[in-house]
Amino acid sequence: MIDFHCHIDLFPDPVAVLDEVERRGTYVLAVTTTPKAWRGTRRLVGDRKRVRVALGLHPEVVAERHAEVALLCALMSEARYVGEVGLDGSPPHRASFDVQRHVFDRILEESARLGGRILSIHSRGAADQVLDTIERHEGLGIPILHWFSGTPCQLERAKALGCWFSVGPAMLRSEKGRGLCAAMPVDRLLTETDAPFARAGSLPLFPWEAEQCVPSIAALHGIAPGALSRGLKENLKTLVQWTPAPSTP
Ligand code: MN
């Protein structure tokens, strides 16, 4: 099972979650919300074989922490995975939208300069602007749109731009989310939780609960759950084996 977008460092007891992740054999991409959290989270994760840590600057904190984009870019040469990054155009974050665009543009520019990275990208209320930015930076690597909530037309554009997608139990609870998921390419799909932000009732989801959405994704695509599980694992292998191009000075 695979959770390609969760915030391990934001659980009250991250080490307990990591130990359970290890026990259950879950593959995890632990995204971070600030570049300062990246080193600490890597230390927490230690040498656990199935967990990778992504270097992030969440669009919801960019209003206060935009200056940290310099640190993020400085650390990016050491990071294979970047996230959570992106744009948030929802009303609480609209005031910082211009600075968010500047920050996201700079991150993708650096990613392309370094030969590409694997990026977990937030696009709530800003699908067009996220896709415009991706389009401007050829060679940025592999953009993975997490919990995509745009229109079917924006989804088609994202597919044409080569985007991947990660979907989770919270997204699949809505009719709209299920409709989008049904139209996503199964060979560019991963599961996620967005835990602990995403919840199941009053409790946060846990990384191993990403598995819960396998039967519904399989049904949406008209394939057997076992076949989907194997396909998702192949997708993860594709990402693990992907190599960036040489960086330019
Ligand atoms: Mn997230």
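Located above this text is the structure these notes cover.
Residues numbered from 1 in each chain as written. Predicted model: local features only at pLDDT ≥ 70, side-chain atom pairs only at ≥ 80, totals over all residues. Heavy atoms only, no water.

## Re the coordination of the manganese ion
Working step 1: Within the protein, the manganese ion binds to His 5 (NE2), His 7 (NE2), Glu 84 (OE) and Asp 194 (OD); these donor distances fall in the range 2.1 to 2.3 Å.
Working step 2: Written as a sequence motif, the donor arrangement for the manganese ion is H-x1-H-x76-E-x109-D. Residue His 7 is found in the loop between strand E1 (2-6) and helix H1 (14-24), and its partner Glu 84 is found in strand E4 (residues 81-86); the two are separated by 77 residues along the sequence. Considered together, His 7 and Glu 84 belong to a single accessibility category, that of buried residues. (Donors = N, O, S within 2.8 Å, 3.2 Å for Na, K, Ca; no water. Helix = DSSP H or I, 4+ residues; strand = E, 2+ residues; numbered from the N terminus. Buried < 20%, exposed > 50% of the residue type's maximum accessible area, 1.4 Å probe, protein only.)

## A few points about the side chain of Gln 100
Working step 1: Along the chain, Gln 100 turns up in helix H5 (residues 97-113).
Working step 2: A polar side-chain atom of Gln 100 sits 2.7 Å from the main-chain amide nitrogen of Asp 88.
Working step 3: Engagement of the side chain of Gln 100 in a polar contact is seen with the backbone oxygen of His 93, the distance being 3.0 Å.
Working step 4: Residues contacting Gln 100, with those up to four places away along its chain left out, are Pro 59, Val 62, Gly 86, Leu 87, Asp 88 and His 93. (Polar contact = N/O pair within 3.5 Å; in protein donor to acceptor, adjacent residues only side chain to side chain. Contact = heavy atoms within 4.5 Å.)

## Description of the nonpolar core
Working step 1: Counting residues in each nonpolar core, the largest one holds 76 residues, and the members touching the most others are Phe 4, Ile 134, Leu 145, Phe 165 and Met 184.
Working step 2: With 5 residues, H5 is the largest single contributor of residues to this core.
Working step 3: The contacts of Phe 165, once residues within four sequence positions are left out, are Ile 144, Leu 145, Phe 148, Leu 155, Ala 158, Lys 159, Met 184, Pro 185, Arg 188, Leu 189 and Leu 190. (Core = buried A, V, L, I, M, F, W, Y, C linked by side-chain atoms within 4.5 Å.)

## Remarks on the pattern of salt bridges
Working step 1: Overall, the coordinates contain 16 salt bridges when judged by the stated rule.
Working step 2: We note a salt bridge from Asp 19 to Arg 48, for which the minimum N-O separation is 2.6 Å. Pair noted here: Asp 19 is in helix H1 and Arg 48 is in the loop between helix H2 (35-45) and strand E3 (51-53), with a separation of 29 residues, a long-range link.
Working step 3: In this structure Asp 19 comes out as partly exposed when scored by relative accessible area, which is 40%. (Salt bridge = Lys/Arg side-chain N within 4 Å of Asp/Glu carboxyl O.)

## What to know about the environment of Val 17
Working step 1: Within the secondary structure layout, Val 17 lies in helix H1.
Working step 2: What makes Val 17 buried here is its relative accessible area of 6%.
Working step 3: Those residues within four positions of Val 17 in sequence are excluded, and the remaining contacts are Ile 8, Phe 11, Phe 206, Pro 207 and Trp 208.

## Considering the packing of H5 against helix H6 (residues 127-136)
Working step 1: Running from amino to carboxyl end, H5 crosses H6 at an angle of 30°, the nearest separation of the two axes being 10 Å. The orientation of H5 relative to H6 falls into the category roughly parallel. By crossing handedness, the relation of H5 to H6 is classed as right-handed. Residues Phe 97, Arg 101, Phe 104, Asp 105 and Leu 108 of H5 lie in contact with H6, whose contacting residues are Gln 129, Val 130, Thr 133, Ile 134 and Arg 136.
Working step 2: Of the residues contributing to the contact of H5 with H6, the split by class is 5 nonpolar, 2 polar and 3 charged. (Axes fitted to C-alpha atoms, helices over the stretch in contact; angles between N-to-C directions. Parallel < 35°, antiparallel > 145°, perpendicular 65-115°, else oblique. Left-handed = near helix turned anticlockwise from the far one by under 90°. Nonpolar A, V, L, I, M, F, W, Y, C, P; charged D, E, K, R; others polar.)

## A word on the environment of Gly 116
Working step 1: Within the secondary structure, Gly 116 sits in the loop between H5 and strand E5 (117-122).
Working step 2: You can call Gly 116 buried: its relative accessible area is 0%.
Working step 3: Along the sequence, Gly 116 and Gln 154 sit 38 residues apart, while their C-alpha atoms lie 23 Å from each other.

## Focus: the packing of helix H8 (residues 175-182) against helix H9 (residues 214-221)
Working step 1: With their axes 9 Å apart at the nearest point, H8 and H9 run at an angle of 60° to one another. Comparing the axis directions of H8 and H9 gives the class oblique. Two packed elements cross with a definite hand, and for H8 against H9 that hand is right-handed. Of H9, the residues touching H8 (which contributes Arg 178, Cys 181 and Ala 182) are Ile 217, Leu 220 and His 221.
Working step 2: Tallied by class, residues from the contact of H8 with H9 come to 4 nonpolar, 1 polar and 1 charged.

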